[in-house]
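Spelled out, the chains give:
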Amino acid sequence: MTFSGPEIVIEHGSYCCKAGFACDNHPVSIFRTVVGRPKNIQGFYGKSPYDVYIGEDALAHDDYNILSPIVKGKIVHWDNMERIWHHIFYKELKVAPEERAVIVAIDPRTTMAEKYKFCEIFFETLNVPALCVQPQSIMSLYGSGYTTGISVDLGYDLTEINPAYEGGLMTYARLETYFSGGELSDYINKSLLRRGIDLGEKRHIILEDIKRHVLCVSPTPSLVCPMVKYKLPSGQVIDLGNELHCAAELIFHPESIENANSEILPLPEAVVLSASKCDEDLQDELYGAVVVTGGLSAIPGLRQRLAYELEQIVNRQVNIPETPEPYTVAWLGAAVYAGMEDSKKVWVLKKQYEEYGEKIVRNKFV
């Protein structure tokens, strides 16, 4: 089975969406997974025309409600998600959907009914010629050159651990830590408020900038991150020494959080617990590829610290592959997978969908 041009590769999370072509080694577009609709349309939805904005364009409109169609990895508003997919084709990639096959990296917990919904939208509304959906955690491993290992996704509103063996998820070993990027933002914001520093209406943007460009993790618990000065949009310079170190440490010691959720797990303990649910004979191989992805994975020192903590617990060598852009690893894995000959067996063609419907979806998207 061959396609007329490079496949479209889409990977979307609760915070941002990545899209591009399978022939590339980096997404063409990365934008916020949000949809903006006017605040004054309550009760008039669908009755009169209005502009809908996607991503950063939506955030720029103060008079718009900002809606996130994905919550904790799961699509909760399909109409808004369809808007985002339409935006990807016509605005970001500037290609007609009926001309390109599409591969989508999806949440590992996606149900068969949800996969069928993917097909319904992509085939019946967008008219793509072929579709493939694959778990983000498996694609993260492919993006790092592995098919067996442990995927650790440090997302905005979900941190999950998914072990896999030879390209197949071991769903019984999946775990969440219940501490993610959103909780980290809340901690930094509250710490600053206690010092009388209010980040204002743009706090969300500022907090994301702090997490992406300022935070660090000590390679070992005995070291301390350096004190850092941070310039706010107002021009005020603040000291992030305390928040810088303590906020990053929460990934490994969440018990420090005031009124913390009792279900929160330190990241190393969650990885070990997940691996322990797998066959003991596989654990050496699993620890041979602990792939860390997601927005928080870009924090300097995090990989080294996680490797150190894991090796202290399991008393064996742990390999955490380095990658210059860990937040794009799942997208890159999907691009790699799209080009593999074996992957063509699990694509659904539009003609097959029209002829067999849900039956072909169940056969291909196990």
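The rules we used
- Residues numbered from 1 in each chain as written.
- Predicted model: local features only at pLDDT ≥ 70, side-chain atom pairs only at ≥ 80, totals over all residues.
- Heavy atoms only, no water.
- UniProt positions renumbered as here; feature names shortened; annotations may be inferred.
- Pairing = 2+ DSSP bridges.
- Helix = DSSP H or I, 4+ residues; strand = E, 2+ residues; numbered from the N terminus.
- Buried < 20%, exposed > 50% of the residue type's maximum accessible area, 1.4 Å probe, protein only.
- Core = buried A, V, L, I, M, F, W, Y, C linked by side-chain atoms within 4.5 Å.
- Contact = heavy atoms within 4.5 Å.
- Salt bridge = Lys/Arg side-chain N within 4 Å of Asp/Glu carboxyl O.

Taking an unreviewed UniProt entry as the reference, the protein chain is identified by name as Actin belonging to Arctia plantaginis. Under the heading Sequence similarities (unreviewed entry), UniProt records this for the protein chain: "Belongs to the actin family." UniProt annotates the protein chain under Subcellular location (unreviewed entry) with the comment "Cytoplasm, Cytoskeleton".

Pairing within the open sheet is mixed, and its six strands lie in the order β3-β2-β1-β9-β10-β18. Two strands bound the open sheet, and with one partner strand each, they are β3 (29–32) and β18 (348–349). Where strand β9 (residues 102–106) lies against strand β10 (residues 130–135), five bridges are found, and the strand directions are parallel. Bridge pairing in β10 places Ile103 opposite Cys132.

With respect to burial, strand β2 (residues 16–21) is a largely interior element, six of its six residues being buried. Side chains Cys16, Lys18 and Gly20 project from β2 onto one buried face, and the interleaved Cys17, Ala19 and Phe21 project onto a second face that is buried too. Where strand β1 (residues 8–12) and β2 come together, five bridges link them in antiparallel fashion. From the neighbouring strand, Ile8 faces β2, where its bridge partner is Phe21. Between β1 and β2, which pair antiparallel in sequence order, lie three residues. Pairing analysis gives four bridges linking β2 to β3, with the strands arranged antiparallel. Of the residues in β3, the one forming a bridge with Lys18 is Ile30.

Attention now moves to the nonpolar core. Across soluble globular proteins, nonpolar side chains show a tendency to be buried alongside one another. Counting 52 residues, the largest nonpolar core has Ile150, Val152, Ile188 and Tyr287 as its most contacted members. Of all the secondary-structure elements, those providing two or more residues to this core are β11 (149–154), α5 (181–194), α6 (203–213), α7 (241–249), α8 (267–276), α9 (283–287), β17 (290–293) and α10 (302–314). Not counting chain neighbours up to four residues away, the residues in contact with Ile150 comprise Leu141, Ile161, Asn162, Pro163, Val271, Ala275, Leu286, Tyr287, Ala289, Val290 and Val291. If you look at the next biggest cluster of nonpolar residues, it comprises 37 residues, including Ile54, Phe89, Ile121 and Phe123.

The next point concerns the environment of Lys345. Along the chain, Lys345 falls in the loop between α11 (329–338) and β18. Note on Lys345: relative accessible area 59%, which makes it exposed. Measuring from C-alpha to C-alpha, the distance between Lys345 and Cys132 comes to 9.7 Å, with 213 residues separating the pair along the chain.

With that settled, the discussion passes to the environment of Tyr308. Looking at where Tyr308 falls in the secondary structure, it is placed in helix α10. Classification of Tyr308 as partly exposed rests on a relative accessible area of 31%. Along the primary structure Tyr308 and Val318 are separated by 10 residues, whereas in three dimensions their C-alpha atoms are 8.3 Å apart. Not counting the four nearest positions on each side in its chain, Tyr308 is found in contact with Pro219, Thr220 and Pro221.

It is worth spelling out the pattern of salt bridges at this point. On inspection of all chains with the given rule, the structure shows 13 salt bridges. One salt bridge connects Lys344 with Glu7, and the closest N-O pair in it is separated by 3.0 Å. Taken as a pair, Lys344 in the loop between α11 and β18 and Glu7 in the segment before β1 lie far apart in primary sequence, 337 residues in all. As far as burial versus exposure is concerned, Lys344 and Glu7 are alike and both buried. Residue Lys117 is joined to Glu120 by a salt bridge in which the shortest nitrogen-to-oxygen separation is 3.3 Å. Here the residue Lys117 and the residue Glu120 both occupy positions in helix α3 (residues 112–125), the gap between them amounting to three residues, near one helical turn. Judged by its relative accessible area of 27%, Lys117 is partly exposed.

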